[in-house]
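Spelled out, the chains give:
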Amino acid sequence: MIEDIKKRALHRTKIIEGQLRGIEKMIENEDYCVDIITLSLAVQKSLGSLNKLLVENHLRTHVSHMYEQGGDQREEAVAELVRIFELSNNRS
């Protein structure tokens, strides 16, 4: 993993972890639903940022290497990217 991306991804996971703990406390305290939903949506946005970092790392490392290999490796790289695209579009 690229060191800078790894550092940023780990930082993002710590933020998400804190946000999730916050949601848990808000539910336990029976806070106002809209406030809980607002934080939940912030977590989803944070997860999107984490996914972006992970995809960037994958593109810069694994995919570029697989693409350079050509043949089946190149096709596998394309299939992985299509799979990620499909997963991101099938989120509910």
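For the structure, see preceding data.
Residues numbered from 1 in each chain as written. Predicted model: local features only at pLDDT ≥ 70, side-chain atom pairs only at ≥ 80, totals over all residues. Heavy atoms only, no water.

Enquirer: Looking at this model, I keep getting lost on unusual backbone geometry. Mind explaining?
Expert: Residues other than glycine predominantly adopt negative phi, and peptide bonds predominantly adopt the trans conformation. Positive phi is not limited to glycine here, since Glu 30 has a value of about 55°. Looking at the secondary structure, you find Glu 30 in the loop between α1 (3-28) and α2 (33-69). With relative accessibility at 70%, the residue Glu 30 sits in the exposed group. (Helix = DSSP H or I, 4+ residues; strand = E, 2+ residues; numbered from the N terminus. Buried < 20%, exposed > 50% of the residue type's maximum accessible area, 1.4 Å probe, protein only.)

Enquirer: So what exactly am I meant to see when it comes to the side chain of Asn 57 here?
Expert: Looking at the secondary structure, you find Asn 57 in helix α2. We classify Asn 57 as buried; its relative accessible area is 6%. Apart from residues lying up to four places away in sequence, Asn 57 is in contact with Met 1, Ile 2, Ile 5 and His 62. (Contact = heavy atoms within 4.5 Å.)

Enquirer: Help me out: how do you make sense of α1 in this one?
Expert: In an α-helix, one turn spans 3.6 residues, which is why side chains three or four residues apart end up on the same side. The end-to-end C-alpha separation of α1 is 38 Å, in line with the 38 Å expected for 26 residues at 1.5 Å each. All of the buried residues along α1 are Ile 5, Ala 9, Ile 16, Gln 19, Ile 23 and Met 26. Tucked into the core, α1 has its buried residues touching α2. (Expected span 1.5 Å × (residues − 1).)

Enquirer: Any chance you could explain the packing of α2 against helix α3 (residues 71-89) here in plain terms?
Expert: Across the interface, α2 lies against α3 with an axial gap of 6 Å and an inter-helix angle of 155°. Classified by the angle between their axes, α2 and α3 sit roughly antiparallel to one another. Seen from α2, the contacting residues are Val 55, His 58, Leu 59, Val 63, Met 66, Tyr 67 and Gln 69; seen from α3, they are Gly 71, Gln 73, Arg 74, Glu 76, Ala 77, Val 78, Glu 80, Leu 81 and Ile 84. Tallied by class, the residues present in the contact of α2 with α3 amount to nine nonpolar, four polar and three charged. (Axes fitted to C-alpha atoms, helices over the stretch in contact; angles between N-to-C directions. Parallel < 35°, antiparallel > 145°, perpendicular 65-115°, else oblique. Nonpolar A, V, L, I, M, F, W, Y, C, P; charged D, E, K, R; others polar.)

Enquirer: It is not clear to me how the nonpolar core should be interpreted in this structure. Could you clarify?
Expert: The nonpolar side chains of a soluble globular protein tend to be buried with one another. In terms of nonpolar packing, the biggest core is built from nine residues, these being Ile 5, Ala 9, Ile 16, Ile 23, Met 26, Ile 36, Val 43, Leu 50 and Leu 53. In this view, Ile 36 contacts Ile 23, Met 26, Ile 27 and Asp 31; residues no more than four positions away in its chain are not counted. (Core = buried A, V, L, I, M, F, W, Y, C linked by side-chain atoms within 4.5 Å.)

Enquirer: Would you take a moment to explain the pattern of salt bridges for this structure?
Expert: A side chain with one charge may pair with a side chain of the opposite charge, provided their charged atoms come close. Counted according to the given criterion, the structure contains three salt bridges. Here Arg 8 makes a salt bridge to Asp 4, at a shortest N to O gap of 2.9 Å. Residue Arg 8 and its partner Asp 4 are located together in helix α1, separated by four residues, close to a single helical turn. The class of Asp 4 is partly exposed, set by a relative accessible area of 44%. Its salt-bridge partner being Arg 60, residue Glu 56 comes within 3.0 Å of it at the nearest N-O pair. One end of the pair, Glu 56, and the other, Arg 60, are both in helix α2, four residues apart, so they sit about a helical turn from each other. Residue Arg 60 is classed as exposed on the basis of its relative accessible area, which comes to 55%. (Salt bridge = Lys/Arg side-chain N within 4 Å of Asp/Glu carboxyl O.)

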